[in-house]
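Summary of the model geometry
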Amino acid sequence: MATNPGLFTEWPWKKLGNFKYLILAPWVAHGGYLAATKGWREVDLGYLLIFPSLLLRMIHNQVWITISRVQNARSRRQIVDRGIEFEQVDRERNWDDQILLSGILLYLGALYLPGGQHVPLWDTKGFLLIALLHAGPVEFLYYWFHRALHHHFLYTRYHSHHHASIVTEPITSVIHPFAELVAYELLFSIPMITCALSGSASILAFEIYVLYIDFMNNMGHCNFELVPNWLFKWFPPLKYLMYTPSFHSLHHTQFRTNYSLFMPFYDYIYNTMDKSSDTLYEKSLKGKEETVDVVHLTHLTSLQSIYHMRPGFAEYASKPYTSKWYMRMMWPVSWLSMVLTWTYGSLFTVERNIMKKLKMQSWAIPRYSFHYGLTWEKEAINNLIEKAICEAEKKGAKVVSLGLLNQAHNLNGNGELYLQKFPKLGVRLVDGTSLAAAVVVNSIPQGTDQVILAGNISKVARAVAVALCKKNVKVVMTNKQDYHFLKPNMPEDTAENFLFSKTATAKVWLIGEGLDASEQFKAQKGTKFIPYSQFPPRMVRKDSCTYSTTPAMAVPKALQNVHSCENWLPRRVMSAWRIAGMVHALEGWNEHECGDIVLDMEKVWSAALLHGFRPVAQV
């Protein structure tokens, strides 16, 4: 919201939530009815194409969001070297409201505006008229309206809402209070209304004009420079006719300069051009050397997870991942994205964070969880992980942390495979076992004297069992085969605390993958289930039982540019495996943690707390 909200700042359909799209339903239904009763030759084609054009605009905007987030995650040609947080994502969640508003105005114009009915597909005169009217009246009026919005009275009531985003994303361009955006829509409608009244309107001219506005708006609010210098050298006057992302970025950081819409011409005329515009453009275009201290390797999980990742849908990425029924309707797109991702076959950066002087990136292996269970994919996945490790070392990274199935024992032996292949590896490999186990151990309620360990036995499960037995907590297993497999790992002086029983009644269960529903229901009501695996249980009991998150910790405020959730975890909560890599680099530890190696749990836990990471229960 603006600092001092004025009249009509709220959008009229805000309370409808996701049902707001139904406001277009009457017109869409009416168009379908006309097409069914009158036939395609007699119906107004322009009227029917309004809804598809709105969908095209939404896809166009989403493409810009994805490109911008991927580029900024790599930090190349970044203009403002700052991150964004969840507050900005929440504020910019309603970016499609502007498209709904323009849709309403287009439908009203197609029905009631003289000359707005049965317009031809193309009219050259109308197209030229739109171009002239935009360059003249629209750009001129916008410039002075924009300057007026920066007057204290209007700024505090309306325009400050837009300027709350100092670091801009493409969708920042349309984040305004309702009244302000209505004024913009009326301003942009001047060329189209004039064309309609003069009888020179056309479907393609209108569509090109609207897409031009969206294109320039999105481009100008990217936080990286993408306009090549050769364009201005090839046609020098273009400098006055087209702005660049760095030009508009200065308006968001300096506030009192660079007011123009898309054409800097008026800033030159009225002497409001920021003197550093050219310098910032050249500097941003050159970019800077990409450096990274910590690389976290993750991968895609379910088919729908592609939308949840940071470059996907901003709204979904800012919330813990859950499977949405309506997202299943997009299965053709999901399968296509999977095929493209698998075919692309190269790592991609999904997130960039900074903590103190530590620069961190998350890289994704272009494979989904089910790929890790396919025998013929094993070699390809290991090659990709190996490539990531070599690339991280080349960039000067200190630590590579292995997340999710990238450290599976049956894949690479918890990373041991890479140490064997590169014995002189400079970057430290961290599987995060010590911190993950420490999180599990410290999640057990005080006073607990017995726990049940169930599910597939992993390196973390072994570390947890040993640590609890040393604390004189009895660890009971209900699977005899797993019990005998794990028994040799128990120190002799604590072996008496490691037991096998099919009738144990402990109120705390430590669970891993492979635990089916029937086993969970053997636990008594009120049981606390604490996962020790990277993935949450597929089924949870609906009675009085409680479930902890997968091993994770809340991150400190010092960790910046956190505006997406890590898989199913809450906001500003990250997996222990990921945090372990950060702590390893912050402490400057020089040993690996992979294969059978487990670092001192108490040392790692204390270091994590020292750097501001906190148990999730304390958030």
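Up top you'll find the structure we're talking about.
Going along each chain's sequence as written, the residues are numbered from 1 onward. Residue-level local features of this predicted model are given only where pLDDT is at least 70; pairs of side-chain atoms are given and counted only at 80 or more, and the full residue set underlies all totals for whole chains, interfaces and linings. Calculation of side-chain values draws on the structure's entire complement of heavy atoms; hydrogens and water are dropped beforehand.

Let us look at the overall build of the protein chain. Helix and strand counts for the protein chain stand at 26 helices and 15 strands. Overall, the protein chain is about 95 × 60 × 50 Å in size when its C-alpha atoms are taken along their principal axes. Summary of the burial criterion: residues with accessible area below 20% of their type's maximum are buried, those above 50% are exposed, and those between are partly exposed, where the area comes from a 1.4 Å probe applied to protein chains only. Evaluated residue by residue, the protein chain yields a buried proportion of 54% over its 619 residues. Should any heavy atoms of two residues lie within 4.5 Å, those residues are counted as being in contact. Within the protein chain, contacts between residues at least 6 apart in sequence are counted, and of these 70% link residues at least 24 apart. Helical segments are the DSSP runs of H or I of at least four residues, strand segments are the runs of E of at least two, and each set is numbered from the N terminus.

A few words on the sheet that holds strand 8 (residues 498-500). Strand pairing within a sheet occurs via backbone hydrogen bonds; the two strands may be parallel or antiparallel. Strand pairing is assigned whenever DSSP detects at least two bridges linking the two strands. The strand order across the open sheet built from 6 strands is 8-7-6-9-10-11, with neighbouring strands paired in parallel fashion. Strands with a single pairing partner mark the edges of an open sheet, and in this sheet they are strand 8 and strand 11 (546-547). Looking at chain direction, strand 6 (residues 450-454) and strand 7 (residues 474-477) are connected through 4 bridges and run parallel. Residue pairing for strand 7: Ile452 is matched across the bridge by Val476.

For the α-helix, the turn length of 3.6 residues means that residues three or four positions removed from each other point alike. In this scheme, a helix's expected span is set at 1.5 Å multiplied by one less than its residue total. If you check helix 9 (residues 203-220), its first and last C-alpha atoms are 26 Å apart, about what 18 residues at 1.5 Å a residue would give, namely 26 Å. For helix 9, every residue scored as buried is listed here: Ile203, Ala205, Phe206, Tyr209, Val210, Ile213, Asp214, Met216, Asn217, Asn218, Met219 and Gly220. Turning to helix 9, the residues buried within the fold contact helix 2 (45-48), helix 3 (50-74), helix 5 (97-112), helix 6 (124-149), helix 8 (178-198) and helix 12 (245-254). Between a side-chain oxygen at the N-terminus of helix 9 and the backbone nitrogen of Ala205 the separation is 3.3 Å; the capping residue is Ser202. Under the rule applied, a polar contact is a pair of N or O atoms within 3.5 Å (in protein, one hydrogen donor and one hydrogen acceptor; residues adjacent in sequence only if both atoms are side-chain atoms).

Take the pattern of salt bridges next. Side chains that differ in sign of charge can pair as their charged atoms come close. Counted as salt bridges are all cases of a side-chain nitrogen of Lys or Arg within 4 Å of a carboxyl oxygen of Asp or Glu. Applying the stated criterion across every chain, the model contains 20 salt bridges. When the shortest N-O distance is used, the salt bridge between Arg352 and Asp81 registers 4.0 Å. With Arg352 in strand 2 (residues 348-355) and Asp81 in the loop between helix 3 and helix 4 (86-91), the pair connects residues that are 271 residues apart, well separated along the chain. Residue classification places Asp81 among the partly exposed residues on the basis of a relative accessible area of 46%. Linking Glu386 and Lys421 is a salt bridge whose minimum nitrogen-to-oxygen distance equals 2.9 Å. Placement of the pair is Glu386 in helix 18 (residues 378-394) and Lys421 in helix 20 (residues 416-421), with a sequence separation of 35 residues. In the salt-bridge network here, residues are joined through shared partners; they are Lys20, Asp96 and Asp97.

What follows covers the packing of helix 21 (residues 433-443) against helix 22 (residues 459-470). Relative to each other, helix 21 and helix 22 sit at 55°, their axes nearing to 9 Å. The pairing of helix 21 with helix 22 is recorded here as oblique in orientation. Pair helix 21 / helix 22 crosses with right-handed handedness. Residue-level inspection shows Thr433, Ala436, Ala437, Val440 and Val441 of helix 21 in contact with helix 22, the latter providing Lys459, Val460, Ala463, Val464, Ala467 and Leu468. Gly is put with the polar residues, along with every residue not named as nonpolar or charged; the nonpolar set is Ala, Val, Leu, Ile, Met, Phe, Trp, Tyr, Cys and Pro, and the charged set is Asp, Glu, Lys and Arg. Class assignment of the residues belonging to the contact of helix 21 with helix 22 gives a composition of 9 nonpolar, 1 polar and 1 charged. A fitted line through C-alpha atoms represents every axis, and for helices the fit uses only the stretch in contact; the resulting angles, taken between N-to-C directions, go from 0 to 180 degrees. Should an angle fall under 35 degrees it is called roughly parallel, over 145 degrees roughly antiparallel, and 65 to 115 degrees roughly perpendicular, with every other angle called oblique. Crossings are classed by handedness, with left-handed meaning an anticlockwise turn of the near helix from the far one by less than a right angle and right-handed meaning a clockwise turn.

In this section: the environment of Ala465. Mapped onto the elements of the fold, Ala465 is located in helix 22. A relative accessible area of 0% places Ala465 in the buried class. Separated by 14 residues in the primary sequence, Ala465 and Val451 place their C-alpha atoms 9.6 Å from one another. In contact with Ala465, other than residues within four places in its own chain, are Leu453, Val475, Leu486 and Met490.

This paragraph deals with the packing of aromatic side chains. For Phe, Tyr and Trp, rings pair up if their centres lie within 6.5 Å, where Trp contributes its six-membered ring, and each pair is then called stacked (planes under 30 degrees apart), edge-to-face (over 60) or tilted (otherwise). Under the defined criterion, the tally for this structure stands at 29 aromatic pairs. An angle of 90° between the planes, with centres 5.2 Å apart, marks the rings of Tyr143 and Trp144 as edge-to-face. Residue Trp144 is classed as partly exposed on the basis of its relative accessible area of 35%. Three or more aromatic residues joined by ring pairs make a cluster, and in this case those are Phe140, Tyr143, Trp144, Tyr259, Phe265, Tyr266 and Tyr270. For a Lys NZ or an Arg CZ to count as sitting over a ring, it must be within 6 Å of the ring centre and within 35 degrees of the ring normal. Over the face of the ring belonging to Trp589 we find Lys603, whose NZ or CZ atom lies 4.7 Å from the ring centre.

Glancing now at the pairing of strand 3 (residues 358-365). Taking burial as the measure, the 8 residues of strand 3 include 7 buried ones, the bulk of the element. Bridge analysis of strand 1 (residues 294-299) against strand 3 gives 6 bridges, and the strand direction is parallel. In the sheet register, Thr298 faces strand 3, and the bridge partner there is Ala364. Of the strand pairs in this sheet, strand 2 and strand 3 are connected by 7 bridges, and their pairing is antiparallel. The residue of strand 3 that forms the bridge with Ile354 is Lys359.

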